[in-house]
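Tertiary structure, described
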Amino acid sequence: MKESKRSTGFYLETLLLIGALIAVLLILARCFSVAERTRSQAETLTGAVHLARNAAEAAAEADSTEDLGQLLLEDNGTVERQRLTARYNEALQPDPEGSYLVRVDWDEGAAGLISYVITVEDTGTGNDLYTLETAVYRRRDGA
Amino acid sequence: MNRRPIRLGLLALLLLVITVCMTTLGVLTVATAQADLRLAERYGEMNRQQYQRELAGQDFLRQADETTRDGLPLSLLEGVTETREGYEKTITVGNASLKIVLRTDGGDLKVVAWETDPQWNPETKTHKLWGG
């Protein structure tokens, strides 16, 4: 009788221990999964900011929209009327199949001020990751 | 028949130690990932503010150019002060400001300075460690 009680106690304790262990493992798995998602989000955002900044610097450097195309494009995008689109991969290198889509929209004001809106999109989800606005003044005499 | 009792206590203790270690690692991983995301958001915001200053600066340059072409003094423009260096305007967005100094030479506009000054204010009072 005494032996049977001890055996039941042992099994109960083992079951409780295994239950607690499974619960802790599940919570930890969720913890690590959330951390991985957050880290990936941070990495994607940092990449998007780098690309937007790169495009803004190219816009500031370019003397014309053709120049901007030459600075930003290899075989990874196109220039339309007032929009340039370029794709980059996760290593931020030009790639026609890349997961980042950089859109540069510009509006040439009559007074020589060109306003740029740079948007970086995640092609996988279609969400805009980052938007940057800047402007460049080009004097009419070309100075 | 004297059986030796099975001791579960030591195993439970070992599992407890492993669980505590794993939990600590899990909490640290989440905290680090969240810090990474906050840093990335801050980096994005700082860049946005930098290019907002640039946008305002370029617009000021356009206004100044038009004013010079019209033969008017740059001091007529809003927020412009006349200094020894030339006509100065400071554009502040966020924690930094862009200082632009322009000079007019015979109807021609020249950019003398285009500088970003960070405005750093320490949150805690610094202590004097050594008087020298």
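Treat the numbers as computed from the prediction; the structure is a model and nothing was measured.

Secondary structure assignment for chain B yields one helix and four strands. Seen in sequence order, chain B has helices and strands lined up from the N terminus as α-β-β-β-β. Classification of the 132 residues of chain B by burial places 30% in the buried group. Within chain B, contacts between residues at least 6 apart in sequence are counted, and of these 34% link residues at least 24 apart.

Quick look at the sheet that holds strand 5 (residues 128-137) of chain A now. Residues and elements named next belong to chain A. The strand order 1-2-3-4-5 describes an open sheet built from five strands, whose pairing is antiparallel. Of all strands in the sheet, those bounded by a partner on one side alone are strand 1 (77-79) and strand 5. Each strand of the sheet is rotated relative to its neighbour by a mean of 15°, with strand direction disregarded. The pairing of strand 3 (residues 100-108) with strand 4 (residues 113-122) spans nine bridges and is antiparallel. Pairing of Arg-103 across the sheet is with Thr-119, part of strand 4. Here helix 2 (residues 65-72) sits on the sheet and contacts strand 1, strand 2 (83-88), strand 3 and strand 4; the angle it forms with strand 3, its principal contact strand, is near 165°.

Residue and element names in this part refer to chain B. With antiparallel pairing, four strands are arranged side by side in an open sheet as 1-2-3-4. Looking at which strands have only one partner, the edges of the open sheet turn out to be strand 1 (81-82) and strand 4 (108-118). Bridging between strand 3 (residues 96-105) and strand 4 involves ten bridges; their strand directions are antiparallel. Across the sheet, residue Ile-100 finds its bridge partner in strand 4, namely Trp-114.

Rules behind the numbers
- Residues numbered from 1 in each chain as written.
- Chains lettered and ligands numbered in written order.
- Predicted model: local features only at pLDDT ≥ 70, side-chain atom pairs only at ≥ 80, totals over all residues.
- Heavy atoms only, no water.
- Helix = DSSP H or I, 4+ residues; strand = E, 2+ residues; numbered from the N terminus.
- Buried < 20%, exposed > 50% of the residue type's maximum accessible area, 1.4 Å probe, protein only.
- Contact = heavy atoms within 4.5 Å.
- Pairing = 2+ DSSP bridges.
- Axes fitted to C-alpha atoms, helices over the stretch in contact; angles between N-to-C directions.

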